[in-house]
Every structure is written in structure tokens, then in C-alpha cells.
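Structural characterization, general
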Amino acid sequence: MIHLAVNIDHVATVRNARGGIQPDPIEAARQSIQAGAIGIVCHLREDRRHIRDADVYALRSELNTKLDLEMAAQEDIIRIAEDVKPELVTIVPEKRKELTTDGGLNIAADSSRYAELVQRMHALGIEVSFFIEPDSKQIETAQKIGADIIELHTGTYADAIGSNAEEALQLLILGGKIAQEHGLKVTAGHGLDYHNITPIKSIPGLVEVSIGHALISRALFIGIPQAVKDMISLLE
Ligand code: PXP
């Protein structure tokens, strides 16, 4: 069984468009959990363009759920993670100008810095996942520095068409296999939707997917509970 974690960032995007309190990302999280999601993901970006600090604290205090805080390895955000203590942090690359997370993180390029981050999180009982490409060097580094989970970047697969999508899928499958051999838990995310999700289930060891944009978009028309249930039934 592959679990669904729902990313609620874009509920906050719509809220922030008018500067008020509607729609409420916490209510979106509540409805997602009630409909069967295993956890909630939110990305606290440097520019706070969607999720804000107060949302992260509210998710922690108001919901009894697995919280995955997506974040760049930046000291001010690391301190918030240490304070909030989510069950999991997912470390992503972040560029100020990008529309959304642009590819996986190169942990091999700065492994001692990421190893130190893992130690800081583990000291507080927080699991650590790295959002990386399905690349053996990155996966081996994740294991060496003590990561608990790798989240495979599925954006290349999601953006590809035809034979390119098949090629991208085969790389994800190989990445899953290598991660399994290294004793890492495997999750996947980015660009996944109701049309491209089924082949993703063939990634070895895949335990969870993290989905935001496609799910929240569908929820506009059919509501969050049904959008969550539809995705869960595709994952079964
Ligand atoms: N996983 C990671 C690491 C991400 O950065 C994102 C986007 O915030 C997602 C999953 C969800 O991607 P999408 O919104 O395309 O479903």
C-alpha cells in the first residue's frame, strides 16, 4: 500500500491572494486527514509566498497528524523546525525566483553540512528526508549521512511525454532499487497527478507520495475529501 501525503501549500496561495484568512489551510489539512491521507506536507519558503510560520505552528498544535515540513537547509528555517518538531523534515533546494521546487538537491556536493543537519534533527527525534534525483551518488550520500528517507524527484517524469516518460520512469525504478539496497525508505513527489500516478507505483520500496498542486486543483471542483479519496483509490 502506497500512502498519500497531501501538500496544502496552494490553499495558502489562494488565501494570500486576498490577504485574509480564507481558505484556511488548516481546514484543508483536517479534511485531507479525515479522507484518508497519512500526513500533511507544507513548504515554508524563504519568501513565505504561501505557507507562513503561523500556519506551521497551527498545523502542529491543532492537528494530530504526521507533519512533513519541507524546507531549504537555511539556519532561520532550521530553527523553526527545531521549535515546531514535525515528525519529518524534507530538505529541498530553493531558489528565490523559481515557481516551484526546481529539481532535486545535490547533497553529495555538501555532504558534511547535510550530515550535521541530520544530527541536529535526530537529536530532537525528527526524521530527515532528502529530495533528490534518482542518482546513485545522491542515494549513497543520503545513506552515508544518516538520512531516514529519500524523496525521489518525479518532476522530470511528470513533464516528459512518450518514450522520454518511460526513460524517466526507468530511472526512478532503478533509484528505488538502489535506495532499498541502502536501507532507505523511499517516497516520491513533484508533478504527480491523476493521470501519471499509476506507473509510479512500480518504483521498488515506494511507501508514500507527496502531492499538492494536482490534488488541490481537483478539489476546487469536487472538494478535498473526494479529491483525496480518488487519489488513494489510484494508489491502491
Ligand atoms: N515534493 C516536494 C519535495 C516538493 O517540493 C513539492 C512541491 O512543493 C511536492 C512534492 C509536491 O509537488 P506538486 O505540488 O507538483 O504535487
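Residues numbered from 1 in each chain as written. Predicted model: local features only at pLDDT ≥ 70, side-chain atom pairs only at ≥ 80, totals over all residues. Heavy atoms only, no water.

**Some words on the packing of helix H3 (residues 53–62) against helix H4 (residues 75–84)**
In a packed pair of helices, the relevant descriptors are the angle between the two axes and the axis-to-axis distance. Defined as follows: Angles shown run from 0 to 180 degrees and are taken between the N-to-C directions of axes, each axis being a line fitted to C-alpha atoms and, for helices, limited to the stretch in contact. The numbering of helices and of strands both runs from the N terminus, where a helix is a DSSP run of H or I of at least 4 residues and a strand a run of E of at least 2. When an angle is under 35 degrees it counts as roughly parallel; over 145 it counts as roughly antiparallel; between 65 and 115 it counts as roughly perpendicular; any other value is oblique. Note on convention: the crossing is left-handed when the near helix lies turned anticlockwise from the far helix by less than a right angle, right-handed when the turn is clockwise. Only heavy atoms enter the contact rule, under which two residues are in contact if any of them lie within 4.5 Å. Residues are grouped as follows: Ala, Val, Leu, Ile, Met, Phe, Trp, Tyr, Cys and Pro are nonpolar; Asp, Glu, Lys and Arg are charged; all remaining types, including Gly, are polar.
Interhelical geometry of H3 versus H4 gives an angle of 20° and a closest axis separation of 11 Å. In terms of orientation, H3 lies roughly parallel with respect to H4. Relative to H4, the crossing made by H3 is right-handed. Along its contact with H3, which presents Asp53, Val56, Tyr57 and Arg60, the element H4 presents Ile80, Asp83 and Val84. Its residues placed into classes, the contact of H3 with H4 shows 4 nonpolar, no polar and 3 charged.

**Notes on empty space enclosed by the protein**
Just so we agree on the cut-off: Both site types are read off a 1 Å grid over the protein atoms alone. A 1.4 Å probe that fits but cannot get out defines a cavity, while an open set with protein on both sides within 12 Å along at least five of seven lines defines a pocket; lining residues have an atom within 4 Å of a point. Grid points are joined across faces, edges and corners, and a volume is the space filled by probe spheres set on the points.
Within the structure shown, the criterion is met by 1 cavity of 30 Å³ or more. In this structure, the largest cavity spans a volume of roughly 50 Å³. Lining the largest cavity are Asp68, Leu88, Thr90, Ser129, Ile149, Glu151, Thr187, Glu208, Val209 and Ser210. Going through the elements one at a time, strand S4 (88–91), strand S6 (149–153) and strand S8 (206–211) are the ones with two or more residues in the lining of the largest cavity. In terms of residue class, the lining of the largest cavity is made up of 3 nonpolar, 4 polar and 3 charged.

**Regarding the pairing of S4**
To keep it simple, the criterion reads: Note on classification: 1.4 Å probe, protein chains only; a residue is buried when its accessible area is under 20% of the maximum for its type, exposed when over 50%, partly exposed between these limits. Should DSSP find at least two bridges between two strands, the strands are regarded as paired. With its strands directed away from the observer, a crossover is right-handed exactly when the path from the first strand over the helix to the second travels clockwise.
Side chains Leu88 and Thr90 project from S4 onto one buried face, and the interleaved Val89 and Ile91 project onto a second face that is buried too. As paired strands, strand S3 (residues 66–71) and S4 are joined by 4 bridges and run parallel to one another. Note on S4: the bridge partner recorded for methionine 71 is isoleucine 91. As for the winding sense of the linkage, the β-α-β connection from S3 through H4 to S4 is right-handed. The pairing of S4 with strand S5 (residues 127–132) spans 4 bridges and is parallel. Bridged to threonine 90 within S5 is serine 129.

**Here we look at the environment of leucine 4**
With respect to the helices, strands and loops of the structure, leucine 4 is situated in strand S1 (residues 3–7). On the accessibility criterion, leucine 4 (2% relative accessible area) is buried. Through-space distance from the C-alpha of leucine 4 to that of isoleucine 91 is 19 Å; in sequence the pair is 87 residues apart. Sequence-distant contacts of leucine 4, defined by excluding residues within four places in its chain, comprise Ala37, Ile38, Gly39, Val209, Ile211, Leu215, Val228, Met231, Ile232 and Leu235.

**Observations regarding the packing of aromatic side chains**
Two aromatic rings, taken as a pair, are described by how far apart their centres are and by the angle between their planes. This is how it is decided: Any Phe, Tyr or Trp ring, taking Trp's six-membered ring, that has another such ring centre within 6.5 Å forms a pair; planes under 30 degrees apart are called stacked, those over 60 apart edge-to-face, and the others tilted. Here, a charge over a ring is recorded when the distance from Lys NZ or Arg CZ to the ring centre is within 6 Å and its angle to the ring normal is within 35 degrees.
Tallied over the full model, the rule gives 1 aromatic pair. Between tyrosine 114 and phenylalanine 130, the ring centres sit 5.7 Å apart and the planes meet at 80°, which makes this aromatic pair edge-to-face. In this pair, tyrosine 114 is assigned in helix H5 (residues 111–122) and phenylalanine 130 in strand S5, connecting sequence segments 16 residues apart. Both residues of the pair, tyrosine 114 and phenylalanine 130, belong to the buried class. Of note, arginine 218 hangs over the ring of tyrosine 194, and the distance from its end group to the ring centre comes to 4.2 Å.

**Quick look at the pattern of salt bridges**
Cut-off, in case you're wondering: When a carboxyl oxygen of Asp or Glu is within 4 Å of a side-chain nitrogen of Lys or Arg, the pair counts as a salt bridge.
For the structure on display, the rule yields 14 salt bridges. The residue arginine 48 makes a salt bridge to aspartate 53 at a minimum N-O spacing of 2.5 Å. Accessibility expressed as a relative area gives 22% for arginine 48, which makes it partly exposed. On the accessibility criterion, aspartate 53 (27% relative accessible area) is partly exposed. Among the salt bridges present, the one from glutamate 127 reaches lysine 185, with a minimum N-O distance of 3.8 Å. A residue pair is termed long-range when its members are at least 10 positions apart, and glutamate 127 in strand S5 and lysine 185 in strand S7 (residues 185–189) qualify at 58 residues. What makes glutamate 127 partly exposed here is its relative accessible area of 29%. With relative accessibility at 39%, the residue lysine 185 sits in the partly exposed group. One connected set of salt bridges, linked through shared partners, spans Glu75, Arg79, Glu82 and Arg120.

**Focus on helix H6 (residues 136–144)**
This is how the line gets drawn: Think of it as the arc spanned by the lines of direction from the helix axis to the C-beta atoms.
Looking at H6, one finds that the buried residues are Gln138, Ile139, Thr141 and Ala142. With its buried residues spanning 160° around the axis, H6 presents them on a single face. Exposed side of H6, more than 90 degrees from the buried face: Lys137 and Lys144 are the residues found there. Structurally, H6 contributes buried residues whose contacts are with H5, S5, S6 and helix H8 (163–181). The positive-phi residue at the C-terminal boundary of H6 is glycine 146, with phi of around 90°.

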